[in-house]
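# Per-entry structural report
Chain by chain, the residues run as shown.
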Amino acid sequence: MKTKSSFSFSLVLLGIILFSVITSQAQEIANFRRVAIVSPEIGEKTVTFRISAPKAKLVRLFGSWMKSSDSSTNMSKDSLGTWSVSITKPNAELYTYHFIVDGMNVNDVNNIFLQRDGVRYLSVLLVPGEQTATYSEANQRGNLKKVWYESPTIGSNRHMYVYTPYGYENSNQNYPVLYLLHGGGGDEDAWSTMGRAVQILDNLIEKKLAVPMICVMPNGNPGQQAAKTSLMEEKVYDRNDPKFQNLYITSIVKDIIPYVETNFRAIPNADSRAVAGLSMGGGHTISVTNEFPGTFNYICPLSIGVRTITPEFEAKLQGVKKAGYKLYWFACGSDDFLWEMAKSTEAALTKNGLPHTFYVSPGGHTWANWRIYLKTFGQLLFK
């Protein structure tokens, strides 16, 4: 039989145990809070990146604002195993970056802002400023629809993205259409994800700098029904086989345009159609307007050029000239690896008497340029 004193002792002992447990849990929570990681952290003059890698021997940072992977920056490790580095804040732009942990490329797990580049996912740093003002969400936002359409030309059911401007659903208005084509390695998702096309168009339209328009972003790989993320089987086409050479551009005119003009309130004439594309999509832009002159009255090839200016190519340009158009806006970066080809193509436009704008920007074959191009020529369309 327990005495009163022994019972009191038991209560005291139980209290000590509970206090120890609570104190231990509180300490664990405090420790957790101490190692909670914010990355990237954008300050007034610096950006700080952090990653937890307690067992790593060497961690470096590489960002697209650097010239090459050789420019990667070493990070420092603290007592809790968190590596960090602060850099001078880059100019306002959208950048991608990753960590190199003991030789392995690793995304920033603390950053929810990712973009897909073909088969890669990349962490994103968006530095605010005048240049990137149109890359953030506007107050008046349109919608991005993902649709499947039949392509008898290619012989498959295919996927594309269609942007409709703010107010589209609640109006009876008909709209002009921009057909916006991606580059090699990309797909129907490229312009909306990496190009920030939706945000750029929303901002331009809201500020009345651009005409409200529909924007169609197809998949430019005829062997794909949709992006690789769909896990659908792909076909292989021999690009050197003449019967496959113009397969995709023919499908734009024969399949995509009819689908859009049937299923969306699109104005069905050349004055209300624009086509623009980067790199491979720039080649598609030149080809579709050369092969189907008079289909688009606004033509904007970006970061591309024709390798050899042949008499046949010049004859095609004459066909474009004869059919007529309202804008031929050609752009390339002065550091682009296709710069010489672009200059030759621009010279061919001049030689053949095609009025055009040759927009030259600094920089190379990058999304930083292509977003600027869209923001610039987007204000010139359908006016």
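Quantities reported herein were computed from a predicted structural model and do not represent experimental measurements.

### Thoughts on the overall build of the protein
For the protein, the helix and strand inventory stands at 9 helices and 18 strands. Here the C-alpha atoms of the protein give a radius of gyration of 27 Å, more than 25% beyond the 21 Å that 2.2 N^0.38 yields for 383 residues. The burial tally for the protein puts 48% of its 383 residues in the buried class. Look at the contacts in the protein between residues 6 or more apart in sequence, and 73% of them connect residues 24 or more apart. Averaging the positions of the 38 positive and the 32 negative side-chain charges in the protein gives two centres separated by 5 Å.

### Brief notes about the pattern of salt bridges
Taken as a whole, this structure holds 12 salt bridges when the rule is applied. The closest approach of N and O atoms between Lys 228 and Glu 234, which form a salt bridge, is 2.9 Å. Glu 314 serves as the salt-bridge partner of Lys 351, at 3.2 Å between the closest nitrogen and oxygen. Of this pair, Lys 351 sits in helix H8 (residues 339-351) while Glu 314 sits in helix H7 (residues 311-323), and the two are 37 residues apart along the sequence. Salt bridges here are not isolated pairs; linked through shared partners, they connect Arg 116, Asp 187 and Asp 189.

### A look at the packing of aromatic side chains
Tallied over the entire structure, the rule returns 17 aromatic pairs. Seen from their ring centres, Trp 329 and Tyr 373 are 6.1 Å apart, and the 70° between their planes marks the pair as edge-to-face. You can see Trp 329 sitting in strand E17 (residues 327-333) and its partner Tyr 373 sitting in helix H9 (residues 367-377), a full 44 residues away along the chain. By relative accessible area, which is 2% here, Trp 329 ends up buried. Take Tyr 373: its relative accessible area is 0%, and that puts it in the buried class. For the pair Trp 339 and Phe 358, a centre-to-centre distance of 5.9 Å together with 10° between the ring planes defines the contact as stacked. Of this pair, Trp 339 sits in helix H8 while Phe 358 sits in strand E18 (residues 357-361), placing them 19 residues apart in sequence.

### Focus: H9
Burial of H9 is extensive: 8 of the 11 residues sit out of reach of the surface. Residues of H9 that are buried include every one of Trp 367, Asn 369, Trp 370, Arg 371, Tyr 373, Leu 374, Lys 375 and Phe 377, and no others.

### A word on the sheet that holds strand E2 (residues 46-52)
Taken in spatial order, the 4 strands of this open sheet run E1-E2-E6-E5, and their pairing is antiparallel. With one partner strand each, in any of the chains shown, strand E1 (41-42) and strand E5 (76-77) form the two edges of the open sheet. Here E1 runs beside E2; their pairing, made up of 2 bridges, is antiparallel. The residue of E2 that forms the bridge with Ile 42 is Val 47.

### As for the packing of helix H6 (residues 280-291) against H7
The N-to-C vectors of H6 and H7 enclose an angle of 70°; their axes lie 8 Å apart at closest approach. In this view, H6 runs roughly perpendicular relative to H7, as classed from their interaxial angle. The chirality of how H6 crosses H7 is left-handed. For the pair H6 and H7, contact is made by Ile 286, Thr 289, Asn 290 and Glu 291 and by Phe 313, Lys 316, Leu 317 and Val 320, respectively. For the contact of H6 with H7, the per-class residue count stands at 4 nonpolar, 2 polar and 2 charged.

About the thresholds
Residues numbered from 1 in each chain as written. Predicted model: local features only at pLDDT ≥ 70, side-chain atom pairs only at ≥ 80, totals over all residues. Heavy atoms only, no water. Helix = DSSP H or I, 4+ residues; strand = E, 2+ residues; numbered from the N terminus. Rg over C-alpha atoms; globule rule 2.2 N^0.38 Å. Buried < 20%, exposed > 50% of the residue type's maximum accessible area, 1.4 Å probe, protein only. Contact = heavy atoms within 4.5 Å. Lys, Arg positive; Asp, Glu negative; His and termini not counted. Charge placed at Lys NZ, Arg CZ, Asp CG, Glu CD. Salt bridge = Lys/Arg side-chain N within 4 Å of Asp/Glu carboxyl O. Phe/Tyr/Trp six-rings, centres within 6.5 Å; stacked < 30°, edge-to-face > 60°. Pairing = 2+ DSSP bridges. Axes fitted to C-alpha atoms, helices over the stretch in contact; angles between N-to-C directions. Parallel < 35°, antiparallel > 145°, perpendicular 65-115°, else oblique. Left-handed = near helix turned anticlockwise from the far one by under 90°. Nonpolar A, V, L, I, M, F, W, Y, C, P; charged D, E, K, R; others polar.

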